[in-house]
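So the chains spell out like this:
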Amino acid sequence: MKISLDWLREYVAWDDDPVALAAKLTAAGLNVEGIEEYRREFPGVVVARVLEQGKHPDADRLSVCRVDDGSGEPVPVVCGAPNVRAGLTVLLARVGAVLPGGVKIKKSRIRGQESRGMICSASELDLDGDSSGIMELTTSLPPGTSADELYGFSDTVLDIEVTPNRPDWLSHIGVAREVAAIYGTKVSFPALWNSPRRGDKLGLQVKIDDYGDCPRYMAFGAGSVEVGPSPDWMQRRLLAVGSRPINNLVDITNYVLFEMGQPLHAFDRDKLQGSVLKVGRAGRKTVVRTLDDAEREVGPDTLLINDKQGPVALAGVMGLANSVISEQTTSLVLESAFFNPSLVRATSRGLGLISESSYRFERGADWEMVEKAAQRALYLIQEHAGGVIVKDWADRQDPDRKPAEPLPLRIWQVNRVLGTDMSTGQAAQLLQGLGLKVQPMGNDKARNANAVNMMVEVPSFRRDLLQEIDLIEEIARSYGLDRIQREGPFRGSGGGRRGRTETVLGHVRRYLVDAGYHEIVTSSFGASDDPDRLAMAEDDPRRQMLAVVNPRQGGETLLRTSLLPSLLDVVRRNLNAQAEVPLRFFQVNRVYLPGVAHGRKPRHPDEALLPAEPLMLQLAVAGLDKPGIGGLPEGFLAVKAMLRNLRRLLRLEAGLDTDASVGWLASGLQMAITDGQGRKLGAMGMVSDRILRNFDLDQPLAVAEIQLDALDLEPAPLRYRPFSRFPGATRDLSLLVGPEVSYRQITRAIKEAAGPLLVGQELFDVFQGKGLPEGKSAYGIRLKFQSSKGNLKGKAVDKAIAEVLKALAGQFGILPRA
């Protein structure tokens, strides 16, 4: 919205320069995006007087003139205007002047005659007026006076960003209210037409098919109007805000739109057929011709204004060519209405026809401004178009409309939210400064959570104020956000500290996202056949899914007992959309397990029936199908490595152990996730082919699930241990390992047997194939030994290696590879 400061001063006073005013408006919520200096200047164009005029010797339609431009010596000018004659006062563009449109005046010879300038018409200077000839001035200004003194002007324009919830700021009056609140001044409203209902009848009825589409429609009449240019002051203001003047009637409706924010439309009364204007939807596809002379097809739900023969306007968007105001118009019907914002938006967007009217109607009109804006326009028509106003009008309103209820306000809540020590009187004064009416409740000094100190009546131009917190926001804006200080962040009664689980989840989310995983958010509901598709055992308690009696959505009604179906659905959708593999996902969500103790103390018997809601972390990698170390799938190894990294990140006591109890994971490719005491907290592995087929997937999928709220999330304490200054020694072992032995079992045995000198062990190779005994794998394990007391001797290392080999052979039958 462009706001002319020259225009704004008509309604409100302030004592700052434009930059300071813009800063204060921005602080109050009206974001001023720019300050423009608008100037209309005519450099090189001056008042001049035609001294002599004669016919051009070689051109019948040209005249040769001598013109006094105030320079002291007459100037020769060749002119083609039919109305040029001696004695006229005109505007002369001197040599070097640049006219609107970029035309530069040069010294020239026209058909052999010298010409040093151009006598201008109104159109050549981008002014309103008859363009068939040169301008004939009636001014007494002497020759040589700049045209700027007659037609030039300057203004400062603020470019304001208007949020969708504040359509009242789309007007100079709306911004004037904010300026008055900031500077403690008052708004002066412009003059309105006002007359009792008497005299001539309007002769026009209004009918509305559905008040939901048009809650209010007013129609006024005016006769004896004279179409012509609008006054200069009005044209200047319209130009400053980017609107091109057309004629007095059209300019008046545009002027009132920018002044008061209410769109209006004027029909030529003589072009309307019949005595009824009907507001209703088209009902079928219809072709209309709009004011821009374009044919457009509108749909059945387009809201139209119709006379006896058909549409005459697209409601809230644009008028039609069959009722347009023209130079021959002598009587008019003025429309001011309140249209359904969604219908106007649908029509405007559907036709690609966004107008100043639709932009405002889409955000919601001001109920009371519907009448005031029309009265303002009628006053201007009466003053500047010679109109005789018909002292009767039509006003159709929704009979079921109810005004907004007053809002209660507690000063206790104001001070609690803002951290201030404001009195009831201060709050009331701030709200009144914004145009809100306040009714005290007689308990100004009461300050508690239940004491309502005032009732606030919300005006029709503030449809965004719906509850107490909205009023508190208005108080904060008017009081000044920069004046509100708090020692710390706002905290509700429960405090603002994050629990350990939230802290851990924050670390986990950031780490996984940095590692290339995408978080997915899935529904808490599941399908009734999910247990069957997951091949759950008949006695699995997760087959019992709890049904929601009154769901608020139209899909499933059973609360899920497993995260896996939702994950598989997301993977399938991404693969079907040709997403690039591998896919890496994670989710943190709850499952709902009926019959499992939830650990909460019930406040009444029914709460004991509620399900347990364990919080689960799920990781998944899809599409990695190549074998990795030891022939294990790459996806399996990727998930396993991520679990190890998360354990190190969070310093948690957790590990992996062999497992074969999870039915939806492939046999031999699954592991249990355990805590420091060996309790099972989840599982990881490859989803079995059978389950993948049940969910229409053809890519391998590795998954890990951990029950977070069963895991001790307190990190192990960090302890400092001085590093050894002495070199270490490494030994590589090549061991023949059977399939029944896990690597974890091997690492434990090595750690126990090697003694305190062992500081690290690493699996650097797994080999299967030719040259090995059947069923055996060759593990390459590197052991590192180091002492903090001195250099290691070979005998000490050899002794440790011997103990390791002895333990492995004794416990698992593992022998060194020959």
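None of the values given here were measured: they were computed from a predicted structure.

J.: Explanation requested: the overall build of the chain in the structure shown.
T.: What the chain contains, in helices and strands, is 19 helices and 40 strands. The globule rule puts the C-alpha radius of gyration for 818 residues at 28 Å, and the 42 Å found for the chain is more than 25% above it. By the burial criterion, 47% of the 818 residues in the chain qualify as buried. Carbon and sulfur atoms make up 48% of the accessible area of the chain, which amounts to about 42400 Å² in all.

J.: When you look at the packing of helix α10 (residues 411-418) against helix α12 (residues 468-479) in this model, what are you seeing that I'm missing?
T.: The axes of two packed helices give the description: the angle between them and the distance between them. Relative to each other, α10 and α12 sit at 60 degrees, their axes nearing to 10 Å. By the angle class used here, α10 and α12 are oblique. Crossing of α10 against α12: the hand is right-handed. For the pair α10 and α12, contact is made by Q413, V414, V417 and L418 and by E468, I469, I472, I475 and A476, respectively. Residues that form the contact of α10 with α12 fall into these classes: seven nonpolar, one polar and one charged.

J.: Which parts of the structure should I look at to understand the sheet that holds strand β21 (residues 318-319)?
T.: Where strands meet in a sheet, backbone hydrogen bonds hold them as pairs that are either parallel or antiparallel. Spatial strand order, β13-β16-β19-β20-β21: five strands in an open sheet with mixed pairing. Each having just a single partner strand, β13 (205-208) and β21 make up the two edges of the open sheet. Bridge count for strand β19 (residues 303-306) against strand β20 (residues 311-314) is three bridges, and the pairing is antiparallel. Note that in β20 the partner of N306 across the bridge is P311.

J.: Which parts of the structure should I look at to understand the pattern of salt bridges?
T.: Oppositely charged side chains are able to pair whenever their charged atoms sit close together. Under the defined criterion, the tally for this structure stands at 41 salt bridges. Here E178 makes a salt bridge to R477, at a shortest N to O gap of 3.3 Å. A residue pair is termed long-range when its members are at least 10 positions apart, and E178 in helix α4 (residues 172-183) and R477 in helix α12 qualify at 299 residues. Take E178: its relative accessible area is 4%, and that puts it in the buried class.

J.: Please explain the environment of G676 as it appears in this structure.
T.: Following the sequence through the fold, G676 ends up in the loop between β34 (665-675) and β35 (680-687). You can call G676 partly exposed: its relative accessible area is 48%. Taking the C-alpha atoms as reference, G676 lies 33 Å from V570; in sequence the two are 106 residues apart.

J.: In this structure, what is going on with the pairing of strand β31 (residues 583-590)? I would like to understand it.
T.: For a regular strand, side-chain orientation follows a simple rule: the groups alternate between the two sheet faces. Judged by how many residues are buried, β31 sits mostly within the fold: six of eight residues are covered. Here two bridges tie strand β28 (residues 518-519) to β31, and the two strands are oriented parallel to one another. By the bridge assignment, E519 is partnered in β31 with F586. Here β31 runs beside strand β32 (residues 615-622); their pairing, made up of eight bridges, is antiparallel.

J.: I keep staring at the packing of aromatic side chains and nothing clicks. Help me out?
T.: Each aromatic ring pair is characterised by the separation of its centres together with the angle its planes make. Going through the model one piece at a time under the given rule, you end up with nine aromatic pairs. Ring geometry for W7 and Y255: centres 4.5 Å apart, planes at 15 degrees, overall stacked. One end of the pair, W7, is in helix α1 (residues 5-8); the other, Y255, is in helix α6 (residues 248-260), and 248 residues separate them in sequence. One exposure class covers both W7 and Y255, and it is buried. Between F339 and F361, the aromatic rings sit 5.2 Å apart at their centres with planes inclined by 65 degrees, giving edge-to-face as the arrangement. With a gap of 22 residues between them, F339 in the loop between β22 (332-338) and α7 (341-351) and F361 in helix α8 (residues 356-361) connect regions that are remote in the sequence. Each member of the pair, F339 as well as F361, is classed as buried. Connected via pairs of aromatic rings, a cluster forms that spans W7, W233 and Y255.

J.: For this particular structure, what's the right way to read helix α16 (residues 634-650)?
T.: Taking 1.5 Å of rise per residue, the 17 residues of α16 would be expected to cover 24 Å, and the 24 Å separating its terminal C-alpha atoms lies within 8% of that figure. When we look at burial in α16, the residues that qualify are G635, F636, V639, M642, L643, L646 and L650. The buried residues of α16 occupy an angular sector of 130 degrees when the element is viewed end-on, so they sit on one face. For α16, the secondary structure elements touched by its buried residues are α13 (500-514), β32, β33 (654-658), β34, β35 and β36 (701-707). Just downstream of α16, R651 is the residue with a positive phi angle, here 55 degrees.

J.: Quick question: what am I supposed to make of the sheet that holds strand β5 (residues 75-79) here?
T.: Pairing in this open sheet of five strands is antiparallel, and the strands run β5-β4-β3-β6-β11 from one edge to the other. What marks the edges here is a single partner per strand, and that holds for β5 and β11 (118-119). Where strand β3 (residues 45-56) lies against strand β4 (residues 59-68), seven bridges are found, and the strand directions are antiparallel. Bridge pairing in β4 links Q53 to C65.

J.: Sorry if this is basic, but what is going on with helix α11 (residues 424-433) here?
T.: It helps to recall that an α-helix has 3.6 residues per turn; residues three or four apart then point in one direction. All buried positions along α11 are accounted for by T424, A427, A428, L430 and L431. Along the axis of α11, the buried residues cluster in a sector spanning 160 degrees; they form a single face. Phi turns positive, to about 90 degrees, at G435, one or two residues after α11.

J.: Even after reading the chapter, I still don't get the packing of α13 against α16, so can you show me in this structure?
T.: With their axes 11 Å apart at the nearest point, α13 and α16 run at an angle of 135 degrees to one another. In terms of their interaxial angle, α13 and α16 are classed as oblique. Crossing of α13 over α16 shows right-handed handedness. Contacts from V504, H507, V508, Y511 and L512 of α13 reach α16 at M642, N645, L646, L649 and L650.

J.: Which parts of the structure should I look at to understand the pairing of β32?
T.: The element β32 is extensively covered by neighbouring structure, given that eight of its eight residues are classed as buried. Burial of the side chains of β32 extends over both faces: L615, L617, L619 and V621 are buried on one face and M616, Q618, A620 and A622 on the other. Relative to β36, β32 is paired through seven bridges, and the arrangement is antiparallel. Its bridge partner being in β36, A622 is matched across the sheet by L701.

J.: I would appreciate a short explanation of the nonpolar core in the present structure.
T.: In globular proteins that are soluble, nonpolar side chains generally tend to be buried together. If you look at the biggest cluster of nonpolar residues, it comprises 92 residues, and the most contacted ones within it are Y217, I305 and F339. A per-element tally of this core places helix α9 (residues 369-384) first, with eight residues. If you look at the next biggest cluster of nonpolar residues, it comprises 32 residues, including L624, V639, L652 and L708.

J.: Just checking my understanding: could you explain the environment of K24 for this structure?
T.: With respect to the helices, strands and loops of the structure, K24 is situated in helix α2 (residues 18-27). Using a relative accessible area of 36% as the deciding quantity, one classes K24 as partly exposed. Spatially, the C-alpha atom of K24 lies 83 Å from that of K770, the residues being 746 residues apart in sequence. When near neighbours in sequence (up to four residues on either side) are disregarded, K24 contacts D16, I182 and Y183.

J.: Hey, could you run me through the side chain of E259 in this one?
T.: One can find E259 in helix α6. Relative accessible area serves as the criterion here: at 0%, E259 is assigned to the buried category. A polar contact of 2.5 Å, which involves the side chain of E259, links it to the side chain of Y11. For E259, the side chain forms a polar contact with the side chain of R376, separated by 2.9 Å. Sequence-distant contacts of E259, that is, excluding residues within four places in its chain, are made with W7, Y11, S171, H172, I173, P190 and R376.

J.: Before we go on, may I ask you to explain the side chain of R477 in this structure?
T.: Here R477 falls in the buried class, since its relative accessible area comes to 12%. Polar contacts involving the side chain of R477 include one to the main-chain carbonyl oxygen of A28, which spans 2.4 Å. Apart from residues no more than four positions distant in its own chain, R477 is found in contact with A28, L30, R166, W169, E178, L434 and R462.

What counts and what doesn't
- Residues numbered from 1 in each chain as written.
- Predicted model: local features only at pLDDT ≥ 70, side-chain atom pairs only at ≥ 80, totals over all residues.
- Heavy atoms only, no water.
- Helix = DSSP H or I, 4+ residues; strand = E, 2+ residues; numbered from the N terminus.
- Rg over C-alpha atoms; globule rule 2.2 N^0.38 Å.
- Buried < 20%, exposed > 50% of the residue type's maximum accessible area, 1.4 Å probe, protein only.
- Areas by Shrake-Rupley, 256 points an atom, 1.4 Å probe, with all protein chains shown as cover.
- Axes fitted to C-alpha atoms, helices over the stretch in contact; angles between N-to-C directions.
- Parallel < 35°, antiparallel > 145°, perpendicular 65-115°, else oblique.
- Left-handed = near helix turned anticlockwise from the far one by under 90°.
- Contact = heavy atoms within 4.5 Å.
- Nonpolar A, V, L, I, M, F, W, Y, C, P; charged D, E, K, R; others polar.
- Pairing = 2+ DSSP bridges.
- Salt bridge = Lys/Arg side-chain N within 4 Å of Asp/Glu carboxyl O.
- Phe/Tyr/Trp six-rings, centres within 6.5 Å; stacked < 30°, edge-to-face > 60°.
- Expected span 1.5 Å × (residues − 1).
- Arc of directions from axis to C-beta.
- Core = buried A, V, L, I, M, F, W, Y, C linked by side-chain atoms within 4.5 Å.
- Polar contact = N/O pair within 3.5 Å; in protein donor to acceptor, adjacent residues only side chain to side chain.

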